Amino acid sequence: PPRSTLFPYTTLFRSADLKFLLFVLLAINAFLLWQKSRVEGWLNASGLFVGCALNFRYHGILIGLFLVLMLLGDLWRHRAARLTILRQPVQFIGLMVLAGFPWYLKSYLYTGNPIFPACFSWFHGYFGDPIISEFWRQYGDPNSPFSFGYYGLGADLTSYLRLPWNLTYHGRNFEGYIFTPVYLALSPAILLLRRNLPFRTLLSFCLFYATAWFFQM
């Protein structure tokens, strides 16, 4: 029946991006609230939300890495006790893994690859089948020559510097629309107008994630 296929369908296709975005925004918002209030519950909530994001996209590990780095920098800036500098990042990572681990365990048990269908060269991504995995490597992977112009326009420095232009006027090459208003590609720059901590955190996140995302294309 259709009801039984709804969740895997929305998880495998584009609706998964909306769920991923929801938990990423919740994680960042909780982290910003922790920076403002220093209430540890917000930091714990942020870690859990990152773990939830990991259930929809393994890119969530980039969100976790960014927030852990921001956490360490914040604790260092506030001259926190050494025990706190050790405990809070470990606690954050633990909560992230707790919320995100079950999905990767299930993928490993079912396919032999915890991040199916990525990293096929390590885990023989498609159900342990070397023939299908090789086919994916040549034709399905975003970094394969066959996918050039559909999943990006190269991953060199020149392409990176041209990213706002390409996202705006060549959106189809990134599985997007043909034309995107330029302010959407450059919108993070508006954060430069504000100097307080939340805006610096958001701008740092935009630059970090855009760069990490670009070099995966």
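In this convention, every chain numbers its residues from 1, walking through the sequence in written order. Under the rules for a predicted model, residues below a pLDDT of 70 receive no local features and side-chain atom pairs below 80 are neither given nor counted, while totals for whole chains, interfaces and linings still include all residues. Hydrogens and water are ignored here; the side-chain numbers use all heavy atoms of the structure.

## Some thoughts on the overall build of the chain
- In this text, helices come from DSSP runs of H or I with a minimum length of four residues, and strands from runs of E with a minimum of two, each type numbered from the N-terminal end. Check the secondary structure of the chain and you find 11 helices and 0 strands.
- For the chain, the N- to C-terminal ordering of α and β elements is α-α-α-α-α-α-α-α-α-α-α.
- For the chain, with 217 residues in total, the buried portion stands at 33%.
- For the chain, long-range pairs separated by at least 24 residues make up 52% of all intrachain contacts whose partners lie at least 6 apart in sequence.
- Total accessible area on the chain stands at roughly 13900 Å², and carbon and sulfur atoms take up 71% of it. Only protein chains enter the area calculation, which uses a 1.4 Å probe; residues under 20% of their type maximum are buried, those over 50% are exposed, and those in between are partly exposed. In what follows, residue pairs with any heavy atoms lying within 4.5 Å of each other are defined as contacts. To measure how exposed things are, a 1.4 Å probe is used in the Shrake-Rupley method; for residues, cover is taken only from the protein chains shown.

## Topic: helix H4 (residues 60–77)
- The span you would expect from a helix comes to 1.5 Å times its residue count less one. Look at H4: 26 Å from first C-alpha to last across 18 residues, which is about the 26 Å you get at 1.5 Å a residue.
- Within H4, the full set of buried residues consists of Gly-60, Leu-62, Ile-63, Gly-64, Phe-66, Leu-67, Val-68, Leu-71, Asp-74 and Leu-75.

## Thoughts on the layout of surface pockets
- Lining residues are those with an atom within 4 Å of a point, where the points come from a 1 Å grid over the protein atoms alone and group into cavities, where a 1.4 Å probe fits but cannot get out, or pockets, open sets with protein on both sides within 12 Å along at least five of seven lines. Grid points are joined across faces, edges and corners, and a volume is the space filled by probe spheres set on the points. The volume enclosed by the second largest pocket comes to roughly 200 Å³.
- Lining the second largest pocket are Leu-54, Tyr-58, Ile-61, Met-96, Val-97, Gly-100, Phe-101, Tyr-104 and Ile-115.
- Residue polarity follows a fixed list, in which Ala, Val, Leu, Ile, Met, Phe, Trp, Tyr, Cys and Pro are nonpolar, Asp, Glu, Lys and Arg are charged, and the others, Gly among them, are polar. For the lining of the second largest pocket, the class distribution of residues is 8 nonpolar, 1 polar and no charged.

## Thoughts on the environment of Pro-102
- Checked against the element boundaries, Pro-102 lands in helix H5 (residues 82–111).
- Through-space distance from the C-alpha of Pro-102 to that of Pro-114 is 9.9 Å; in sequence the pair is 12 residues apart.

## A few points about the packing of aromatic side chains
- Whether two aromatic rings pair depends on their centres lying within 6.5 Å, for rings of Phe, Tyr and Trp, where Trp uses its six-membered ring; planes under 30 degrees apart make the pair stacked, over 60 edge-to-face, and the rest tilted. Tallied over the full model, the rule gives 6 aromatic pairs.
- On the numbers, 5.5 Å between centres and 40° between planes, the contact of Phe-66 with Phe-208 is tilted. Taken as a pair, Phe-66 in helix H4 and Phe-208 in helix H11 (residues 197–214) lie far apart in primary sequence, 142 residues in all.
- Overall, the relative accessible area of 5% leaves Phe-66 in the buried class.
- Here Phe-208 falls in the partly exposed class, since its relative accessible area comes to 25%.
- Relative to Tyr-209, the ring of Phe-205 lies with its centre 5.9 Å away and its plane at 20°, an arrangement referred to as stacked. One end of the pair is Phe-205 and the other is Tyr-209, both in helix H11 and 4 residues apart, which spans about a single turn.
- The class for Tyr-209 is buried, based on a relative accessible area of 18%.
- Put simply, the rings of Phe-66, Phe-205, Phe-208 and Tyr-209 pair up and form one aromatic cluster.

## Let's talk about the packing of H4 against H11
- Across the interface, H4 lies against H11 with an axial gap of 10 Å and an inter-helix angle of 145°. The hand of the H4/H11 crossing is right-handed. Together, Leu-62, Ile-63, Leu-65, Phe-66, Met-70, Asp-74 and Arg-77 of H4 and Leu-197, Thr-201, Ser-204, Phe-205, Phe-208, Tyr-209 and Ala-212 of H11 make up the contact between the two elements.
- The residue inventory of the contact of H4 with H11, partitioned by class, reads 10 nonpolar, 2 polar and 2 charged. Geometry is summarised by axes, namely lines fitted to C-alpha atoms with helices restricted to the contacting stretch, and by angles between N-to-C directions that run from 0 to 180 degrees. The hand of a helix crossing depends on one turn: near helix anticlockwise from the far one by less than a right angle means left-handed, and clockwise means right-handed.

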